[in-house]
Amino acid sequence: MSEQALPMARQRLAIAEPTAWERLVTNRNWLGFWFMMPAAAILILFLAYPLFLGVWLSFTDTRIGRDGVFIGLENYEWLSEDSIFLQSIFNTVLYTAVASIVKFALGLYLALLLNERVPFKAIVRSIVLIPFIVPTVLSALAFWWIYDTQFSIISWSLKQLGLLDTNIDFLGNPFNARVSVIIANIWRGVPFVAITLLAGLQTVSPSLYEAATLDGATRWQIFRYITYPLLTPIIAVVMTFSVLFTFTDFQLIWVLTRGGPVNATHLMATLSYQRAILGGRLGEGAAIATAMIPFLILAIMVSFYGLQKRKWQQGENND
Amino acid sequence: MTDTSLKAVNNDDHSVGMDYLEKLSSRLVTLYLPLGIIMVSLLFPFYWMALTAIKPDDQLLDFARVNPFWTTAPTFKHIYKLLFESQYPLWLWNTMYVAVCATMLSIIASVMAAYSIVRLRYKGAQLVGMLIFLAYLVPPSILFIPLASVIYSYGLFDSPLALILVYPTILIPFSTWLLMGYFKSIPYELEECALIDGATRWQILTRIVLPLAIPGLISAFIFSFTLCWNEFIYALTFLSSNENKTIPVAIVNEFVDGDIYRWGSLMAGALMGSLPLVILYAFFVEHYVSAMTGAVKE
């Protein structure tokens, strides 16, 4: 190998100016360009371009099979008076807020439990992650069966225990349907939050806990003044993802309720699918989808702010 | 004398750290009980799915005569029907095909992108890294409408190729971010030696960096594969003919009819669609966890 390389290197020394071809294959910036090509091509063609196309479509009256013309803000004006759209915003915010808060609380609690000395810890941890592995649609089908009006296992069990006289209409009335889909979403999201937070917890040095215990700190104080501050950065990232994916959720709702009953569980994503793909009004659907962007940016900003605040605190406390 | 007795005490005590502060009874209430409840609730839907899939029709809905939490006469009828009398194997194949191709494509693109961002450090590498992270945050729900029209105009509608090309938009940002972390941990000196020996960048990547980053590659592969398998909204939008569908879409569209006994076949479909992933996961738990946490930690 080196015997081959040596004459090559000599050759290169002999030529003072690198040729254009050599520059293309050895120059750092050109090489970087070649290496980035595949990823960049896919991301530009199928992510960046559609993102802008989506915003553009929202200003047109495009329908499936017919090119639209620019109509300015008409879609948004029409949507701002559409009670179903306004309700879907409300639903989405409610769904995201409740599900994320509970996911965070339960996930953190589960992570703290798993961080204790538990027998068969590795197995327990792998089992906890299973809801996250199984495709959402398929576990949503299991929930659909559990929420069945007539043959729900939950209703049956509660009736056997004597707590209930009639079946619960899980997906039939607006309030129950909302609670049911939120519970299914929490069930699916808790493992992700728990396992990622557990990874964060494991990086906290045990000597900090020992020192705090020697100083007479209670369990709550240890959590509040050691675990929580050290965990803040990872919490910010995990919750950003959690909020992002909950806000744009589609699969669970589509399988369980398709937005019903009386649009009580319609999220912005399901509504935009219904209007754009099933209804054929691509422009209007794109407007609904575009309307999600400000909320997403807000969520990301909040978490970045959370991160930065943490860094600032660290600087102040540690240096 | 005292030293040895102390050692003996230490050897008897298998507890770690500050565990001696806790009694078994308190651990039972504060640890095992809540952990048990959470585990049971996390697993119950699967148990119920699997149980329904192997219950005979007459026990499926009759809770009064037979205890619904168990079945006395397990049957493989639903699974047999699924595998031999429906198009399920075809859908399974479609899902596998799309997932493997999209994952391979993404891994290749991500390896090159991650390596060049971390090691070539070309002009603007930092910015590109940031943009890729932002791409990670763009959810499919806001892209599927414009993508549908893009796919249509490229003539890819109702073709698995559409999914193979679109799924990498989800996978590349994730894998690149994950692999950047792995590549950073490989000592730069190794590459310097190879550079001095006259290796090209491509040789360095394939002969030195990749063999050292195999755990990262496995993590990225497994996680990407799972994401593909799980993806729903693109598959629902871009595929229309029955024989091209992937499992999640096919089950939702084809198995959901008015039949009161449909639950058996529906749950069998869900079970068979989940099993491949669960088995894969069982073999690579550690890689899976490191993929999930690695991408978040950065």
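Here the structure is a predicted model, which is why all the values come from computation and not from measurement.

**Student:** Looking at this structure, how should I read unusual backbone geometry?
**Tutor:** One can expect most non-glycine residues to show negative phi and most peptide bonds to be in trans. All names here are of chain A. One non-glycine residue with positive phi stands out, namely Arg258, at about 50 degrees. Overall, Arg258 belongs to the partly exposed group, with 15 C-beta atoms counted inside 10 Å. Although it is not a glycine, Asn263 sits at a positive phi angle of roughly 60 degrees. Within the secondary structure layout, Asn263 lies in the loop between α12 (251–256) and α13 (268–278).

**Student:** Teacher, can you tell me more about the nonpolar core here?
**Tutor:** For soluble globular proteins, nonpolar side chains are generally found buried alongside one another. Counting 161 residues, the largest nonpolar core has Leu141(A), Ala194(A), Leu197(A), Leu256(A), Leu163(B) and Met267(B) as the members making the most contacts within it. Among the elements that line this core, the one with the most residues is helix α5 (residues 88–120) of chain B, at 16 residues. Ignoring anything within four residues of it in the chain, the contact list for Leu256(A) reads Ala140(A), Phe143(A), Trp144(A), Leu171(A), Val181(A) and Ala184(A).

**Student:** Just checking my understanding: could you explain the packing of helix α7 (residues 136–146) of chain A against helix α2 (residues 24–54) of chain B for this structure?
**Tutor:** Angle between the axes and distance between the axes are the two parameters that describe a pair of packed helices. At a minimum axis distance of 9 Å, the contact between α7(A) and α2(B) shows a crossing angle of 80 degrees. Here α7(A) lies roughly perpendicular to α2(B), going by the angle between them. Here Ser139(A), Ala142(A), Phe143(A), Trp145(A) and Ile146(A) of α7(A) come into contact with α2(B), specifically with Pro45(B), Phe46(B), Trp48(B), Met49(B) and Thr52(B). Residues of the contact of α7(A) with α2(B), tallied by class, amount to eight nonpolar, two polar and no charged.

**Student:** Explanation requested: the environment of Val29(B) in the structure shown.
**Tutor:** Residues and elements named next belong to chain B. Along the chain, Val29 falls in helix α2. The exposure class assigned to Val29 is exposed, which follows from the 9 C-beta atoms found within 10 Å. Separated by 109 residues in the primary sequence, Val29 and Val138 have C-alpha atoms spaced 43 Å apart.

**Student:** Just to check I follow, could you spell out the domain arrangement of chain A for this structure?
**Tutor:** Accessible area lost when the parts come together is the quantity often used to give the size of an interface. Split into domains, chain A comes out as domain 1 (2–57) and domain 2 (74–318). Its C-alpha centre places domain 1 of chain A at a distance of 42 Å from the equivalent point of domain 2 of chain A.

**Student:** It is not clear to me how the interface of chain B and chain A should be interpreted in this structure. Could you clarify?
**Tutor:** In this assembly, 77 residues from chain B lie in contact with 77 residues from chain A. Take the side of chain B that touches chain A: its biggest share by element is twelve residues, from α2(B). Split by residue class, the side of chain B that touches chain A holds 57 nonpolar, 15 polar and five charged.

**Student:** What should I look at first to understand the domain arrangement of chain B in this one?
**Tutor:** Residue and element names in this part refer to chain B. Segmentation of chain B into domains returns domain 1 (21–75) and domain 2 (82–297). On a C-alpha basis, the centroid separation for the pair domain 1 and domain 2 is 33 Å. Contact residues are listed per partner, giving eight residues for domain 1 and eight residues for domain 2. Broken down by element, the residue count for the side of domain 1 that touches domain 2 peaks at four residues, all from α2. By residue class, the composition of the side of domain 1 that touches domain 2 is five nonpolar, one polar and two charged.

Each value, and the rule that gives it
Residues numbered from 1 in each chain as written. Chains lettered and ligands numbered in written order. Predicted model: local features only at pLDDT ≥ 70, side-chain atom pairs only at ≥ 80, totals over all residues. Buried ≥ 20, exposed ≤ 12 C-beta atoms within 10 Å, placed from the backbone. Helix = DSSP H or I, 4+ residues; strand = E, 2+ residues; numbered from the N terminus. Core = buried A, V, L, I, M, F, W, Y, C linked by C-beta atoms within 7 Å. Contact = placed C-beta atoms within 7 Å. Axes fitted to C-alpha atoms, helices over the stretch in contact; angles between N-to-C directions. Parallel < 35°, antiparallel > 145°, perpendicular 65-115°, else oblique. Nonpolar A, V, L, I, M, F, W, Y, C, P; charged D, E, K, R; others polar. Domains from an automatic or database assignment.

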